[in-house]
Amino acid sequence: MSLSKPKVLIIIANLGTPDAPTAPAVRAFLKQFLSDQRVIEIPKILWAIILNAFVLPFRPKRVAEAYAQVWSNDSPMREILFKQVQQLQKKLSVFNTDFDLTIVPAMTYGRPGIDRVLDEAESQLYDHIILFPLFPQYSATSTAPLYDAVAKWLLKQRNIPGLSFIRDYYQHPLYIQALANSVRDYQQQHGQAEKLLMSFHGIPQPYADKGDPYADRCRVTAQKVAQALQLSDDQWAISFQSRFGKQEWVKPYTDQLLQSWAEQGVASVQILSPAFSADCLETLEELAIQNAELFLKAGGKDYAYIPALNDRDDHIDLLGLLLQTQLEALKSQLQA
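Within any chain, residue numbers begin from 1 and follow the written order of that chain's sequence. A pLDDT threshold of at least 70 governs which residues receive local features in this predicted model, and a stricter bar of 80 or more applies before side-chain atom pairs are shown or counted, although totals over entire chains, interfaces and linings include all residues. The side-chain quantities take in all heavy atoms of the structure and omit both hydrogens and water.

**Focus on the packing of helix H10 (residues 254–264) against helix H11 (residues 281–297)**
Our working rule: Axis lines are fitted through C-alpha atoms, for helices just across the contact stretch, and the angle between N-to-C directions can take any value from 0 to 180 degrees. Numbering goes from the N terminus for both helices and strands, where a helix is a DSSP run of H or I of at least four residues and a strand is a run of E of at least two. Each crossing gets its handedness from the near helix: less than a right angle anticlockwise from the far helix is left-handed, clockwise is right-handed. Contacts are residue-level and defined by heavy atoms, with any inter-residue pair within 4.5 Å sufficient. By the convention adopted, Pro, Cys, Tyr, Trp, Phe, Met, Ile, Leu, Val and Ala count as nonpolar, Lys, Arg, Asp and Glu as charged, and the other residues, Gly among them, as polar.
Across the interface, H10 lies against H11 with an axial gap of 9 Å and an inter-helix angle of 35°. Note on packing geometry: the crossing formed by H10 with H11 is right-handed. Residues Thr 254, Asp 255, Leu 258, Gln 259, Trp 261 and Ala 262 of H10 form the contact with H11, whose participating residues are Leu 287, Asn 291, Leu 294 and Phe 295. Partitioned by chemical class, the residues of the contact of H10 with H11 number six nonpolar, three polar and one charged.

**Topic: the environment of Asp 317**
The condition is simple: Accessibility here uses a 1.4 Å probe with only protein chains present; expressed as a share of the type maximum, an area under 20% marks a residue as buried, one over 50% as exposed, and anything in between as partly exposed.
Its place among the elements puts Asp 317 in helix H12 (residues 313–335). A residue is classified by how much of its surface remains accessible, and Asp 317, at 38% relative accessible area, is partly exposed. In sequence terms Asp 317 and Ala 178 are 139 residues apart; their C-alpha atoms lie 9.3 Å from each other.

**Quick look at the domain arrangement of the protein**
Put simply, the rule reads: An automatic or database domain assignment supplies the residue ranges for each domain. By buried area we mean the combined loss of accessible area, with a 1.4 Å probe, across both parts when two parts are placed together. Just to be clear on terms, a salt bridge is a Lys or Arg side-chain nitrogen sitting within 4 Å of an Asp or Glu carboxyl oxygen. N or O atoms within 3.5 Å of each other form a polar contact, as long as, within protein, one can give a hydrogen and the other can take it, and as long as residues adjacent in sequence are counted only when both atoms are side-chain atoms.
Split into domains, the protein comes out as domain 1 (7–169 + 313–334) and domain 2 (173–305). Placing the centre of domain 1 and that of domain 2 at their C-alpha centroids yields a distance of 24 Å. At the junction of the two partners, domain 1 supplies 32 residues and domain 2 supplies 25 residues. Carbon and sulfur atoms make up 64% of the surface buried where domain 1 meets domain 2, a total of about 2,400 Å² over both sides. As a salt-bridge pair, Asp 168 and Arg 217 come within 2.5 Å of each other at their nearest N and O atoms. Applying the counting criterion to the domain 1 and domain 2 interface returns 13 residue pairs in polar contact (both at pLDDT 80 or more). Secondary structure elements with two or more residues in the side of domain 1 that touches domain 2: helix H2 (44–55), helix H3 (59–70), helix H4 (76–95) and H12. Among the elements that line the side of domain 1 that touches domain 2, the one with the most residues is H3, at six residues. Residue classes in the side of domain 1 that touches domain 2 are distributed as 19 nonpolar, seven polar and six charged.

As structure tokens, then:
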């Protein structure tokens, strides 16, 4: 009698995006996103007042206008996530004939929502679930909400499957290599700028003070990429973007550093954001448009954004290797 193959579900997850570049869709997305206590640690009742009285009535219109500048048939992040999943399904299915393998996309906020993905998994009776958050540097503000979703789902389960998590990969050699390759590929076509700026999504400084390792992981990533590119200290820098609210965030701030460089006579800058596994509003609008305008207005001459790794072959190879390592470990467990 032949035994059925173990059923394995791999969830490839990113942060999230609105359903459309409209104020109502952005409002719904922001309400879900900014209501998460992992993201905003202000006391819940106080923050509910601020969110509903001052943020949601005004911010969605501005954000929707920004989304409209980068939207195509769908949100860039969602389009790229679907491509990544498709390529990983093709790559991993070839080498894993011992498993009945399914790979699905998920978002912490918006669609396809992680809660619904997990609920749909319940009826499939998977033997094992692998959760892979596409955040190269772990943070309690990004990775942890996905863990929270799994934890809440587990409370409702009687037949709990095996679980694996890929926490992050901020200094994996293939990740550093892929980032360095993306810079080299861009510079082969466009030349090298005076400065290379690696801009990471920021977090509030109090979060880092309480033990969130994100900023330190970002610094390690940036240092290793600079080393791979053989850059001297005056050829590159690290910064943090996307501040929200009035509290202090991890420094230096991307916009302030760019303005300072321009005022000091730096003529050309190339910028990339290693924290993002897929291009999105924060890269295509904030970095590529807003910050370009800021740098040029302050006196800079040439500014260019280097795209995220997205579905580059070397990026998919890295993601595939991280997942394959998990599957090999699972295979060893089942054979023990």
